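Listed below, chain by chain, are the residues.
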Amino acid sequence: MMNHFMVLAVLLPLRTCYTTYSQQESIVFPVTYLNISKDLALQRLLVEWDVGKAAHDAELAMSFEIQVRRTDGTTTVWTEFHNVTLDKSGKPLHWIWDSDLPLECMSHSVRIRSKAETSQTWSQWSLWNTVLGLDTSSNSGPRIFPNEKVVEEGSDITLCCVGRKSHIIKEFFLVPAVHVFNHTNSQVRLITVKNVVHQKVPHITVYCEESCDEGQCYDQAVLFVGKPPDTPTDFSCETQDMRIVTCTWSQGGDTYLYGSNSPKYILSEGFSQKTIPCTVSCSKRCSCSWDIGQQRICNITVTVENPLGKKTATDIFDVTHRIYPAAPFQLWEECRDTEITLYWKHQNKGIELFCQTEVVHPDGKVELHNSSDMHLHYASITLGGLQPYTEYTARVHCGAAKHFWRWSEWSEARTIRTKEATPSGKLDIWREITPVMGGRNVTLFWKQAPSFRANGGSISYEVTWEKVEEGSKPESISFSSIYNSTKISIDNHAYRINIMAKNNVNYSLPSVLIIPRTTGTEEELSSSEIKEEQVNGSYDGIFISWEPSHTYDSYIIDWCNFPKLQPCDFQWKRFGPNTSSALINSAAFVPGVRYSFHIYGSVANRACLLEKKTGYLRELPPLLDPVVEKVELTFNAVTLSWDSYPTNESQSGFVRGYHVYVSPIQEDCNLIGSKKHVLPDDSVLCKYTIENPEEKRYTVKHLLSNTKYKLVVKAYTGGGETPIVNFIYIDTPFNSNMLYLLVLLVIVPSLAAAICHWKMKWVKECCCPVIPSPNKSKVLSFKEFKVGSEKVLKISDCIPDMLAMDNKAEAQKLHPWSQLSSVPTEEKTDGHSSAWIYPSENEERDFTAAPTSQTYTWFENFAYSSHLAVGSDPYQIPETLEASKQQELSVVLYQPHYYFGISNEDTASALRGTAGSKTSLRPTSQTAVHCLGRRL
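In this text, all values refer to a predicted model and were calculated from it rather than measured experimentally.

Student: Can you break down the overall build of the protein chain residue by residue, with the values?
Tutor: Regarding its fold elements, the protein chain presents 6 helices and 60 strands. Burial analysis of the protein chain (936 residues in total) assigns 40% to the buried set. Counting contacts in the protein chain only where the partners sit at least 6 residues apart, residues at least 24 apart contribute 66% of the total. Surface accessibility of the protein chain: about 52400 Å² in total, with carbon and sulfur atoms responsible for 52%.

Printed below as a string of structure tokens:
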């Protein structure tokens, strides 16, 4: 950076002053000379001018118009009006102009004109007075201005790069890059940066390069962005011995400037107008110390300055009012059991001090004790009301007794232990009694009550027991401090038990227990008769309450922290006579564990069991589900039994009852006595509730027979129940009563209907027999011939077995068939006598009509040929055919077209007569007919 001061004086030729005395014109005093200089470091133009002696003598109020322009153009860059009243001293006038552009970048010119303030007429402009920039010189290479400049954060700055004549500036930029406004002319290139900010880098680098092949073709410069220093705060001065004064202050925020640009501190004394010769050091706070000699009143000013500005702070004080003593040192003490005398030294000779001692108790309590320092070489204080054999921490600080300014620093802290003393208070003791054969085992427990103090380092315990009756010899045993229980055996007499604590000084007062006389089982029976009540727990503990009585002077509750372990960590707690409830809590309590509590009332060191309680900190669901040991099934019910399921302290909650779940046949549970229960998977179960935990048998009724079901039994506590996972699967048996009912309602009526149907058929066959259909007869399986569409059996194909006649007389008329060799029989049927004729087997007959005049009678079974035409067979009788058209004939022979020749005309006539009768002949069953030796 160019830091020289260039002065260019231009003496203008003296112009002739003229005066116009006309009333219409004002007096005009033109500028007689103009001189311009520049301050490159501050980018400032200094202008000096004058208007001649006549104007000064007139002491006129003058107005001046000043214009500034640069050589990069003809435009005026600044115009300002300057008013001033001249005096007779004749001194030149001065004006200062700060340029936003470094003055090295371009030439700057100034001109001025003047007028009297009351005049309307300006003088002529003076000639332009110019200070030259480097743009008019012959540089050896490009140059950047300003160079190494400190810029205030938030301000604007314009930089220029001045190149050589006839050379082009190729690049001009900043690193790190910022937003800029570029301006160029033929030789000078400008960059304007608005609102400069700190870039968290030490500086900003500016580069400029020409387009050339030889020499220095580039230049670079740096900019430092920072802040002006803050005004020193908390500036104050003090002394320890009224000779050396130390002033301290806070240095303020970061200016981002370091090295030669960092803030500089200077202290000066206002009364003497001298700079104080002290070295400033700054860490958390800045300080500076020096010797003031005999001076008592001081006016101290601290000045902080950097290239962007300076700030000051002042403190005026009386040295005697600013005493800050040195910290006490070399502490020592004298100890007793309840007192400590603390001694210390100090450096402030001849200064009366007021001291304060801080005592920290073992529980963290802090006490302050004040004292006056009256000794020349040391000071002391006695601290009382302390506990024996207890550690305390003490330290001291002091201040001026007169014109207190501030406390000194604390002295070094000292830990002090008081001496031992007799133990104070009593031990808290308790017992657990177990009856045995011939006596009792007594487990004794002890602990240090809140009011008990050992008052010594080495503590031990002594247990003594003796019978209450006089004359008995006591027994005793001692234990170290690591023990808190012991077991002794006593008989059934009443005993007095003492437990004391002992240190190196003496014994504590004894704690006493009276074990009453017993017959061996009284206490055990009394304990078993007291019912154990359930209590509720919470996250804070288990709440216990009892019935108070004015008989007792205290109450004791005991329990085990770990009831499932041995030893169980036996605990107890005492309460006053006016207490009837307590919240028992312990860090050992966990959910799902049952804790038992015994409540005793105590009077005259004798305890009596009053109540028993049991409860959980928080109940959990049962650990195990009931195991169904027996399942009894009927067609519509199932009985489940789980007799071995425990409900005691092994459970993680009080078993309140059971839930029996049954899968429904349909989605909606409709079993009587159940409630609908929906599982997380939206399946539905029927739920039955048993509210008695000792009821371990349940019957689910109203089931369907011959049906599959799944069931599960769950125990529930105050903590709920476990999720339903495993089921029991059953099949209800078939309902035999339904079978009986089915037999009664279906089979019996069906059987009766069948019997009735069979009887009706039998009656029908007896009364109205059905004529067999020839189409269903096996007879047609023989050789046949057809007449039309009907099958006809020839007479030669079948010989009838028998012929039934209404009476024997008519049967005898058939004797002309003597060749049939028949054996007649008689059978009574429905009051009628029938004769059966059995023709001989395999006997063939030729029934060809004889050419005689003998009359023949023909019998034809019209059931087998009811539709034959008269002319179809030469052996058919017209009368018989006619009768078949009018009615169905019941006189039937056993084979179709089986004709019998009757040799007797009378018999033939008789047969004709009976041919029209429906009951004259009774046919036999076709199934009884033998054809050609075969049964049809």
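Text resumes after the structure shown.
Student: Can you tell me about the side chain of serine 371, naming the residues and giving the values?
Tutor: Of note, serine 371 is situated in strand S28 (residues 366–373). Residue serine 371 is classed as buried on the basis of its relative accessible area, which comes to 11%. Other than its neighbours up to four places away in sequence, serine 371 contacts Trp344, Phe354, Cys355, Ser380 and Ile381.

Student: Describe unusual backbone geometry, and please don't skip the residues or the numbers.
Tutor: Cis peptide bonds are those with omega within 30 degrees of zero, and the linkage from valine 175 to proline 176 qualifies with -5 degrees. With respect to the helices and strands, proline 176 occurs in the loop between strand S12 (169–175) and strand S13 (180–184). Non-glycine residue methionine 242 carries a positive phi angle of around 65 degrees. Mapping methionine 242 onto the fold places it in the loop between strand S17 (233–239) and strand S18 (244–250). By relative accessible area, which is 22% here, methionine 242 ends up partly exposed.

Student: Residue-level account of the state of the cysteines, with values.
Tutor: A full pass over the atoms with the stated rule returns 8 disulfides. With a sulfur-sulfur separation of 1.5 Å, cysteine 278 is cross-linked through a disulfide to cysteine 288. Here cysteine 278, found in the loop between strand S20 (274–275) and strand S21 (281–282), pairs with cysteine 288, found in strand S22 (residues 286–291); they are 10 residues apart in sequence, far enough to count as distant. Of the two residues examined, cysteine 278 and cysteine 288, each falls in the buried class.

Student: Got a sec to walk through the environment of proline 450? Specific residues and values, please.
Tutor: The topology assignment puts proline 450 in the loop between strand S33 (439–448) and strand S34 (460–467). When the C-alpha positions of proline 450 and leucine 427 are compared, they lie 9.2 Å apart, and in sequence the two are 23 residues distant.

Student: Break down the sheet that holds strand S29 (residues 379–383) for me, citing the residues and quoting the values.
Tutor: The 3 strands lie next to each other as S25-S26-S29, forming an open sheet whose pairing is antiparallel. Strands with a single pairing partner mark the edges of an open sheet, and in this sheet they are strand S25 (329–335) and S29. Between one strand axis and the next, the sheet turns through 20 degrees on average, direction left out of account.

Student: Before we move on, could you go through the pattern of salt bridges and cite the residues and values that matter?
Tutor: Counted according to the given criterion, the structure contains 24 salt bridges. The shortest N-O distance in the salt bridge between arginine 285 and aspartate 234 comes to 3.9 Å. Here aspartate 234 lies in strand S17 and arginine 285 lies in the loop between S21 and S22, a separation of 51 residues in the sequence. In this structure arginine 285 comes out as partly exposed when scored by relative accessible area, which is 33%. Its salt-bridge partner being lysine 467, residue aspartate 491 comes within 3.2 Å of it at the nearest N-O pair. A residue pair is termed long-range when its members are at least 10 positions apart, and aspartate 491 in the loop between strand S36 (485–490) and strand S37 (495–502) and lysine 467 in strand S34 qualify at 24 residues. Classification of aspartate 491 by relative accessible area gives partly exposed; the value is 23%. Three or more residues joined by partner-sharing salt bridges are found here, namely Glu533, Glu611 and Lys613.

Student: So what about the sheet that holds strand S24 (residues 309–318)? Which residues, and what values?
Tutor: One open sheet accounts for 4 strands, arranged S20-S19-S23-S24; its pairing is antiparallel. One side of each edge strand has no neighbouring strand; the edge strands of this open sheet are S20 and S24. Summarising the sheet, strand S19 (residues 264–269) and strand S23 (residues 297–306) pair through 6 bridges and their orientation is antiparallel. When the bridges of S23 are listed, glutamate 269 appears paired with isoleucine 300.

Student: An account of the pairing of S24 is requested, with residue identities and associated values reported.
Tutor: Regular strands place their side chains on alternate faces of the sheet. Where S23 lies against S24, 10 bridges are found, and the strand directions are antiparallel. Bridge pairing links valine 302 to alanine 313 in S24.

Student: Can you tell me about the environment of serine 458, naming the residues and giving the values?
Tutor: Counting through the fold element by element, serine 458 comes out in the loop between S33 and S34. Taking the relative accessible area as the measure of exposure, serine 458 reaches 44% and is therefore partly exposed. For the pair serine 458 and asparagine 504, spaced 46 residues apart in sequence, the C-alpha separation works out to 6.5 Å. Apart from the residues lying within four places of it in its own chain, the contact partners of serine 458 are Glu420, Lys502, Asn503 and Asn504.

Student: An account of the packing of aromatic side chains is requested, with residue identities and associated values reported.
Tutor: The relation between two aromatic rings is expressed through the spacing of the ring centres and the mutual angle of the planes. Following the criterion strictly, the structure yields 28 aromatic pairs and no others. Between phenylalanine 589 and phenylalanine 597, the aromatic rings sit 6.5 Å apart at their centres with planes inclined by 85 degrees, giving edge-to-face as the arrangement. On the basis of relative accessibility, which here comes to 7%, the residue phenylalanine 589 falls in the buried class. An aromatic cluster is present here, built from Trp446, Tyr461, Phe479 and Tyr483 joined pairwise through their rings. Against the face of tyrosine 324 rests arginine 406, its NZ or CZ located 4.2 Å from the ring centre. One Lys or Arg, lysine 502, reaches over the ring of tyrosine 507 and ends 5.6 Å from the middle of that ring.

Student: With reference to specific residues and values, describe the nonpolar core.
Tutor: With 32 residues, the main nonpolar core has Leu427, Leu444, Trp446, Val463, Ile497 and Ile499 as its most contacted residues. Broken down by secondary-structure element, the contributors of at least two residues to this core are strand S32 (427–436), S33, S34, S36, S37, strand S38 (511–515), strand S41 (554–560) and strand S42 (570–575). In this structure leucine 444 touches Trp430, Arg431, Val463, Asn484, Ser485, Thr486, Ile488, Ile497, Ile499 and Leu513, once residues within four positions along its chain are discounted. Counting residues in hydrophobic clusters, the runner-up holds 24 residues, among them Leu40, Leu45, Trp97 and Ala116.

Student: Tell me about the side chain of lysine 115, and please be specific about residues and values.
Tutor: Within the secondary structure layout, lysine 115 lies in strand S7 (residues 108–116). For the buried lysine 115, no salt bridge is present, and the opposite-charge side chain at shortest range is glutamate 117, 7.6 Å distant. Polar side-chain contacts of lysine 115 include one of 3.0 Å to the backbone oxygen of serine 119.

Student: Summarise the environment of alanine 177; cite the residues concerned and give the values.
Tutor: Its place among the elements puts alanine 177 in the loop between S12 and S13. Sequence separation of alanine 177 and isoleucine 204 is 27 residues, and the distance between their C-alpha atoms is 8.8 Å.

Student: Would you mind going over the pairing of strand S2 (residues 33–39) in detail, with residue names and values included?
Tutor: Where burial is concerned, most of S2 is hidden: 7 out of the 7 residues are buried. Note that S2 and strand S3 (residues 44–50) share 7 bridges and pair antiparallel. In the strand pairing of S3, asparagine 35 is matched with glutamate 48. Between S2 and the antiparallel strand that follows it, S3, lie 4 residues; glutamine 43 among them carries a positive phi value of about 50 degrees.

Calculation rules
Residues numbered from 1 in each chain as written. Predicted model: local features only at pLDDT ≥ 70, side-chain atom pairs only at ≥ 80, totals over all residues. Heavy atoms only, no water. Helix = DSSP H or I, 4+ residues; strand = E, 2+ residues; numbered from the N terminus. Buried < 20%, exposed > 50% of the residue type's maximum accessible area, 1.4 Å probe, protein only. Contact = heavy atoms within 4.5 Å. Areas by Shrake-Rupley, 256 points an atom, 1.4 Å probe, with all protein chains shown as cover. Disulfide = S-S within 2.5 Å. Pairing = 2+ DSSP bridges. Axes fitted to C-alpha atoms, helices over the stretch in contact; angles between N-to-C directions. Salt bridge = Lys/Arg side-chain N within 4 Å of Asp/Glu carboxyl O. Phe/Tyr/Trp six-rings, centres within 6.5 Å; stacked < 30°, edge-to-face > 60°. Lys NZ or Arg CZ within 6 Å of the ring centre and 35° of its normal. Core = buried A, V, L, I, M, F, W, Y, C linked by side-chain atoms within 4.5 Å. Lys, Arg positive; Asp, Glu negative; His and termini not counted. Polar contact = N/O pair within 3.5 Å; in protein donor to acceptor, adjacent residues only side chain to side chain.

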